Amino acid sequence: MKVWLLDGGSIVIEHTQLMWNVPGPQARIPVYSVLVEHDDGLFLIDTGIDLDHMNRVLPFELPEQTDEQTIPAQLEKCGFGLDDVTTLVNSHLHIDHVGGNQLFEGTGVEHVLHEKELAQARNHGPFEFFGYSDKSWDYEGAAIDTFSGDMELAKGLWVYETPGHTVGHCSFLLEGERPMLLAMDVAYTSAAMEKGIQPGFHHTPVDGVRSIARVKQLAAKHGAEIFYSHDAEAWQTYKHAPDFYEL
């Protein structure tokens, strides 16, 4: 497998969202997607923010995204186009993970979602309004395949249930010589993971703490490096497309 991290720009959030209920200064955090080239297809994990939606509905998050940070431009950096993506998998359906889903309308891409996440996003609680405010992923004709439980999406590409941040949140393990564990929003940063603090917008705090423990156990079991979804310091150390990881 080859793995690219696609830079999707950044947003600003309160520290109490970065680390739930822990006070501190506002933080600008990265938003990115993950592209996996596999013998079984080209898999895209999450699609970042839609700048128009963010500016219209959540301007207080001060979104930044250049033309080069859009999904089409990032795919082009890796030598691909929208039509090359065979499977689009969302870790969950919050605003900063679904912004580019709509771009795949008409391409025939397979959308893979946890069944509970699909149901919740279509009928969410009032406390989840902003998190689920971008509905563009649910376009007419979207081929959505749902699942429940852990599964091997393709050989060596595992999806694990890690609920808490949302009811159907998932993390990803990429096996190989240098295994990668994509924790997504189980914990935004390494500091939060270490302290067992989940991010805000959570659905079930108890499940979130359990999922943090599960990610740590999976990383230890497989000798995997954990990649964090919104850790500004860690992001600077990651390879960004067109550079890639080879597993």
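In this text, all values refer to a predicted model and were calculated from it rather than measured experimentally. (Residues numbered from 1 in each chain as written. Predicted model: local features only at pLDDT ≥ 70, side-chain atom pairs only at ≥ 80, totals over all residues. Heavy atoms only, no water.)

J.: Before we go on, may I ask you to explain the overall build of the chain in this structure?
T.: The helix and strand inventory of the chain stands at eight helices and 12 strands. For the chain, the C-alpha radius of gyration of 16 Å lies close to 18 Å, the compact-globule estimate for 247 residues. By principal-axis analysis of the C-alpha atoms, the chain measures approximately 45 × 45 × 35 Å. In the chain, which comprises 247 residues, the proportion classed as buried is 55%. Taking as baseline every contact in the chain between residues at least 6 positions apart, the subset at least 24 positions apart corresponds to 67%. As displayed, the chain offers around 10,400 Å² of accessible surface, 49% of which is attributable to carbon and sulfur atoms. (Helix = DSSP H or I, 4+ residues; strand = E, 2+ residues; numbered from the N terminus. Rg over C-alpha atoms; globule rule 2.2 N^0.38 Å. Buried < 20%, exposed > 50% of the residue type's maximum accessible area, 1.4 Å probe, protein only. Contact = heavy atoms within 4.5 Å. Areas by Shrake-Rupley, 256 points an atom, 1.4 Å probe, with all protein chains shown as cover.)

J.: How should the sheet that holds strand β5 (residues 110-114) be read in this particular structure?
T.: Two strands in a sheet stick together by hydrogen bonds in their backbones, pointing the same way (parallel) or opposite ways (antiparallel). Overall, mixed pairing links the seven strands, which are arranged β6-β5-β4-β3-β2-β1-β12 in an open sheet. In this open sheet, the two strands that pair with only one neighbour each are β6 (143-147) and β12 (245-246). In terms of strand pairing, strand β4 (residues 87-89) meets β5 through three bridges, oriented parallel. Directly across from V89, in β5, lies its bridge partner V112. (Pairing = 2+ DSSP bridges.)

J.: Got a minute to help me understand the nonpolar core in this structure?
T.: Ranked by size, the top nonpolar core spans 53 residues in total, and within it L174, L182, M193 and Y238 carry the most contacts. With six residues, strand β2 (residues 27-38) is the single largest residue contributor to this core. When residues no more than four places from it in sequence are discounted, the contact partners of L174 are M1, V3, V36, G156, L157, P179, M180, L182 and L247. In terms of nonpolar packing, the next biggest core, distinct from the first, is built from 16 residues, L44, V85, V109 and Y139 among them. (Core = buried A, V, L, I, M, F, W, Y, C linked by side-chain atoms within 4.5 Å.)

J.: Where do I start with the sheet that holds strand β9 (residues 170-174) in this structure?
T.: Strands sit in the order β7-β8-β9-β10-β11 across an open sheet of five strands; the sheet is mixed. Strands at the two margins of the open sheet, each flanked by one partner only, are β7 (151-154) and β11 (225-228). The mean angle between the axes of side-by-side strands here comes to 25°, regardless of whether they run parallel or antiparallel. Taken together, the three bridges between β7 and strand β8 (residues 157-161) define a ladder with antiparallel strand orientation. Residue pairing across strands places A154 opposite L157, the latter belonging to β8. (Axes fitted to C-alpha atoms, helices over the stretch in contact; angles between N-to-C directions.)

J.: I tried to follow the pattern of salt bridges on my own but got confused; where do I start?
T.: Inspection of every chain in the model, using the stated rule, returns six salt bridges. Ionic pairing is found between E68 and K77, a salt bridge with its closest N-O pair at 3.8 Å. Residue class for E68 comes out partly exposed when judged on its relative accessible area of 48%. A relative accessible area of 32% places K77 in the partly exposed class. Here R122 makes a salt bridge to D138, at a shortest N to O gap of 2.8 Å. Of this pair, R122 sits in helix α5 (residues 115-122) while D138 sits in the loop between α5 and β6, and the two are 16 residues apart along the sequence. Assessed through its relative accessible area of 49%, R122 is described here as partly exposed. (Salt bridge = Lys/Arg side-chain N within 4 Å of Asp/Glu carboxyl O.)

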